[in-house]
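Listed here are the chains, written in short residue letters.
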Amino acid sequence: GGALATLRGVSTSCLDATQLRALGLIPDGSYVGLVKSFNPIKGFGFITSQAVEGDVFFLRTELPSEIQSGDVASLQGRTVAFEVRSGEGGR
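As the structure is a computational prediction, the values presented were derived from the model and not from experiment.

Undergrad: Is there a simple way to explain the overall build of the protein chain in this structure?
TA: Scanning the protein chain from terminus to terminus reveals 2 helices and 5 strands. When the elements of the protein chain are put in sequence order from the N terminus, they spell out β-α-β-β-β-α-β. Burial statistics for the protein chain: of 91 residues in total, 34% are counted as buried. Excluding contacts between residues fewer than 6 apart, the proportion of contacts in the protein chain whose partners are at least 24 apart in sequence is 59%. Summing over all exposed atoms, the protein chain offers an accessible surface of approximately 5,500 Å²; the carbon and sulfur share of this is 50%.

Structural data, given as structure tokens:
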């Protein structure tokens with residue numbers, strides 16, 4: 001694992017990836033996954049996705065501003081579209 005995620009919109013809980021792509025809501029190169037856990041105090045969480053091996057780490061600061069200013073604790077269990085990039089040191 002060790003991949004970092006950059007999250008896209010999170011209002012996708014009732015649509016699957018095929019529907020999202022059909023609606024143009026998932027940019028090319030993005031994946032769909034489930035927020036497995038999020039710690040609002042420490043400001044990070046993990047996404048699980050069939051498209052990516054292992055859990056994907058993300059930081060609160062990488063969330064879109066409208067999500068950062070909302071109830072980030074409610075992210076856990078939500079379906080999200082995200083991009084994967086290598087972190088510092090290739091992690």
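That was the structure; now back to the text.
Undergrad: It is not clear to me how the environment of Ala 73 should be interpreted in this structure. Could you clarify?
TA: Mapped onto the secondary structure, Ala 73 falls in the loop between helix 2 (65–68) and strand 5 (79–85). Residue Ala 73 is classed as partly exposed on the basis of its relative accessible area, which comes to 44%. Residues Ala 73 and Gly 43, spaced 30 residues apart in sequence, show a C-alpha to C-alpha distance of 9.8 Å.

Undergrad: Even after reading the chapter, I still don't get the pairing of strand 3 (residues 44–48), so can you show me in this structure?
TA: Within a regular beta strand, the side chains point alternately toward one face of the sheet and then the other, so they alternate between its two faces. Covered by surrounding structure in strand 3 are Gly 45 and Ile 47 only, the residues Phe 44, Phe 46 and Thr 48 on the alternate face being uncovered. Taken together, the 5 bridges between strand 2 (residues 31–39) and strand 3 define a ladder with antiparallel strand orientation. Note on strand 3: the bridge partner recorded for Asn 39 is Phe 44. Counted between consecutive antiparallel strands, the loop separating strand 2 from strand 3 contains 4 residues, among which Gly 43 sits at a positive phi close to 80 degrees. As judged from the 4 bridges shared by strand 3 and strand 4 (residues 56–59), these two strands associate in the antiparallel manner.

Scoring rules and cut-offs
Residues numbered from 1 in each chain as written. Predicted model: local features only at pLDDT ≥ 70, side-chain atom pairs only at ≥ 80, totals over all residues. Heavy atoms only, no water. Helix = DSSP H or I, 4+ residues; strand = E, 2+ residues; numbered from the N terminus. Buried < 20%, exposed > 50% of the residue type's maximum accessible area, 1.4 Å probe, protein only. Contact = heavy atoms within 4.5 Å. Areas by Shrake-Rupley, 256 points an atom, 1.4 Å probe, with all protein chains shown as cover. Pairing = 2+ DSSP bridges.

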